[in-house]
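# Descriptive structure summary
Residue strings, one per chain:
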Amino acid sequence: MTIQENVSLKPYNTFGVEASAKYFADVNSVEELTETLKISKSQTPKLFLGGGSNLLLTKDFDGLVIRLNLKGITEETINENEALVTAKAGENWHQFVMFCLEKNYGGLENLSLIPGNVGTSPMQNIGAYGTEIKDVFESCKVLNIETLEIEIFNLEKCRFGYRDSIFKQEGKGKYVILEVTFRLTTKTHRIDVEYGAIQSELENLGIINPTIQDVSRAVINIRQSKLPDPKEIGNAGSFFKNPTIPLTQYETLRLKFENIPGYPNGDFVKVPAGWLIEQCGWKGKQIGNVASHKLQALVIINATGNATGKEIFDFSTMIIDSVKQKYGIELEREVNII
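What comes next is a walk through the structure. Every chain's residues receive numbers from 1 upward, in the order its sequence appears when written. Owing to the predicted nature of the model, reporting of local features is limited to residues with pLDDT of at least 70; listing and counting of side-chain atom pairs is limited to 80 or more, with chain, interface and lining totals taken over all residues. The side-chain numbers reported here are obtained from all heavy atoms of the structure, hydrogens and water having been left aside.

## Observations regarding the nonpolar core
Side-chain atoms within 4.5 Å link the members of a nonpolar core, which is a set of buried Ala, Val, Leu, Ile, Met, Phe, Trp, Tyr and Cys residues. Working definition: with a 1.4 Å probe on protein chains only, accessible area under 20% of the residue-type maximum means buried, over 50% means exposed, and in between means partly exposed. Judged by nonpolar contacts, the single largest core of 44 residues is most densely connected at Phe 240 and Tyr 327. In this text, helices come from DSSP runs of H or I with a minimum length of four residues, and strands from runs of E with a minimum of two, each type numbered from the N-terminal end. Looking at this core, the elements with two or more residues in it are β2 (20-27), β3 (46-49), β4 (55-56), β5 (61-68), α7 (247-256), α8 (273-279) and α9 (309-327). Counting residues per element, this core draws most heavily on α9, at six residues. Residues within four places of Phe 240 in sequence aside, it is in contact with Ala 273, Ile 277, Leu 298, Ile 300, Ser 316, Ile 319, Ile 320, Leu 331, Glu 332, Arg 333 and Glu 334. Contacts were defined at the residue level, with two residues in contact if any of their heavy atoms lie within 4.5 Å.

If you want it as structure tokens, here you go:
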């Protein structure tokens with residue numbers, strides 16, 4: 001393990017924007033990580049990189065970037081229908097989901113093809129098509145950056161919310177996630193196809209009684225049909241969270257915009273951010289090197305491959321301002337801004 005100087009971060013972020021790290025270390029084990037943190041105790045700030053898929057670099061990083069390359073998957077059968085499957089932080093998320101499906105472990109199929117690594121999945125409580133990490137989460141092993149001691153966080157301690165966790169709140173910058181353990185089914189699986197898009201795709205595939213593998217295939221087809229591949233065009237997936245507004249505010253908006261979609265939850269309603277952005281005329285719109293994707297307005301893309309992080313950030317600000325002006329709803333960025 002060596003600490004390098006003035007390293008380009010372009011290969012390490014899915015937006016493909018150019019930025020450099022004053023110092024950079026690639027760590028392949030907990031021992032290397034601990035040693036790096038000991039050596040760099042006085043160096044701040046620090047940035048821990050996984051797959052770089054939920055990150056927007058708006059400037060050079062004047063500190064130490066540590067890339068977590070911890071690898072390995074272990075399995076433990078705990079009863080006739082459940083197994084605990086643990087993946088190290090550096091495992092690619094989609095490849096891990098495929099590993100589980102090959103073993104017939106159920107619970108992650110709706111989360112197929114989400115970019116990034118396993119280690120960042122609890123930070124965001126990643127979710128898609130009716131499933132979130134918290135639904136199958138058992139625990140995660142973390143390193144306390146200050147004390148260099150290993151701690152275990154269970155479901156309650158992680159305090160998961162919508163694209164949120166303790167790691168994005170008071171625990172931000174205090175812990176490094178080393179591995180994550182999931183409680184998955186082995187025989188009797190819960191098949192979640194409530195989302196209309198999944199049902200439609202299964203019908204297109206001629207599948208009536210889907211397996212977890214069928215659900216994964218449907219999700220992959222849906223995502224590939226409307227979301228750009230970061231390897232082909234720079235992006236970080238969904239750039240904004242779907243806003244949740246009071247029911248009274250939603251009902252007032254419906255008087256003026258009768259087609260506004262909403263998903264009620266008690267006294268609140270979740271409104272699709274993609275719909276709001278599209279209605280404001282952003283879908284497919286390009287300004288300079290940045291654009292909103294032509295098939296999914298929620299995704300901002302590095303359209304020419306030459307965009308700077310600041311250009312992308314400024315583009316997102318214009319979207320936020322236009323939605324706020326038209327609907328009185330302020331969108332929140334889902335992507336981590338550096």
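## Regarding the packing of aromatic side chains
Aromatic pairing here means that ring centres of Phe, Tyr or Trp (its six-membered ring) are within 6.5 Å. Orientation follows from the plane angle: under 30 degrees is stacked, over 60 is edge-to-face, and everything else is tilted. Scanning the model with the defined rule gives 13 aromatic pairs in all. Arranged with centres 5.6 Å apart and planes meeting at 35°, the rings of Phe 96 and Phe 182 form a pair that is tilted. Separated by 86 residues along the polypeptide, Phe 96 in helix α2 (residues 93-102) and Phe 182 in strand β12 (residues 175-185) bring together distant segments of the chain. Grouping residues by exposure puts Phe 96 and Phe 182 together as buried. A ring pair is formed by Trp 282 and Phe 315, whose centres lie 5.2 Å apart and whose planes are at 75°; its orientation type is edge-to-face. Remark: Phe 315 occurs in helix α9 and Trp 282 occurs in the loop between α8 and β17 (286-287); sequence separation between them is 33 residues. Of the residues examined, Trp 282 reaches a relative accessible area of 6% and is grouped as buried. Grouping aromatic residues by their ring pairs yields a cluster made of Phe 15, Phe 239 and Phe 240. Stacked on the ring of Phe 153, the Lys or Arg Lys 157 has its end atom at 4.3 Å from the ring centre. Over the ring of Tyr 162 we find Lys 270, and its NZ or CZ is 3.9 Å from the ring centre. Put simply, a charge is over a ring when the Lys NZ or the Arg CZ is close to the ring centre, within 6 Å, and near the line of the ring normal, within 35 degrees.

## Details of the pattern of salt bridges
A side-chain nitrogen of Lys or Arg and a carboxyl oxygen of Asp or Glu constitute a salt bridge if their distance falls within 4 Å. One pass over the structure, following the stated rule, counts 17 salt bridges. In this structure, Arg 183 and Glu 138 form a salt bridge, with 2.9 Å as the shortest nitrogen-oxygen distance. Highlighted residues: Arg 183 in strand β12 and Glu 138 in strand β10 (residues 137-144), separated in sequence by 45 residues. Salt bridges here are not isolated pairs; linked through shared partners, they connect Glu 132, Lys 134, Asp 135 and Arg 163.

## Some details on the sheet that holds β10
Strand pairing is assigned whenever DSSP detects at least two bridges linking the two strands. Pairing in this open sheet of five strands is antiparallel, and the strands run β6-β7-β12-β10-β11 from one edge to the other. Sheet topology places β6 (73-79) and β11 (150-154) at the edges, where each strand pairs with a single neighbour. Each neighbouring strand pair of the sheet contributes to a mean axis angle of 20°, computed without reference to strand direction. For β10 and β11, the ladder comprises five bridges, and the chain directions are antiparallel. The residue of β11 that forms the bridge with Val 142 is Glu 151. The strands that α2 touches are β6, β7 (82-88) and β12; relative to β7, the one it contacts most, it runs at about 155°. For helices, the axis comes from a line fit to the C-alpha atoms of the stretch in contact; other axes are also lines fit to C-alpha atoms, and the angle between any two N-to-C directions lies between 0 and 180 degrees.

## Structural notes on the environment of Gln 169
By the secondary structure assignment, Gln 169 is in the loop between α4 (155-158) and β12. Residue classification places Gln 169 among the partly exposed residues on the basis of a relative accessible area of 43%. Remark: the alpha-carbon pair of Gln 169 and Ala 291, spanning 122 residues in sequence, is separated by 30 Å.

## What to know about the packing of helix α5 (residues 196-204) against helix α6 (residues 212-226)
Interaxial distance between α5 and α6 falls to 9 Å at its minimum, and their mutual angle equals 105°. Looking at the two axes, α5 sits roughly perpendicular to α6. Residues Ala 197, Ile 198, Glu 201 and Leu 202 of α5 touch α6, and the partners they reach there are Asp 214, Ala 218, Val 219, Asn 221 and Ile 222. Each residue receives one of three labels: charged for Asp, Glu, Lys and Arg, nonpolar for Ala, Val, Leu, Ile, Met, Phe, Trp, Tyr, Cys and Pro, and polar for the others, Gly being one of them. In terms of residue class, the contact of α5 with α6 is built from six nonpolar, one polar and two charged. Roughly parallel here means an angle under 35 degrees, roughly antiparallel means over 145, roughly perpendicular means 65 to 115, and every remaining angle is called oblique.

## Notes on the side chain of Asn 125
Structurally, the position occupied by Asn 125 is in the loop between α3 (121-124) and β8 (127-128). Assessed through its relative accessible area of 0%, Asn 125 is described here as buried. Within the structure, Asn 125 has its side chain in polar contact with the backbone nitrogen of Ile 133 (distance 3.3 Å). Polar contact is defined as a pair of N or O atoms within 3.5 Å, subject to the rule that within protein one atom must be able to donate a hydrogen and the other to accept it, and that residues adjacent in sequence are counted only when both atoms are side-chain atoms. Within the structure, Asn 125 has its side chain in polar contact with the backbone nitrogen of Lys 134 (distance 3.1 Å). For Asn 125, the contacting residues outside a window of four places in its chain are Glu 132, Ile 133, Lys 134, Phe 160, Gly 161, Arg 163 and Asp 164.

## Looking at the sheet that holds β17
The strand order across the open sheet formed by four strands is β13-β19-β18-β17, and the pairing between neighbours is antiparallel. Of all strands in the sheet, those bounded by a partner on one side alone are β13 (234-238) and β17. Note that β13 and strand β19 (residues 299-302) share three bridges and pair antiparallel. Residue pairing for β19: Ser 238 is matched across the bridge by Val 299.

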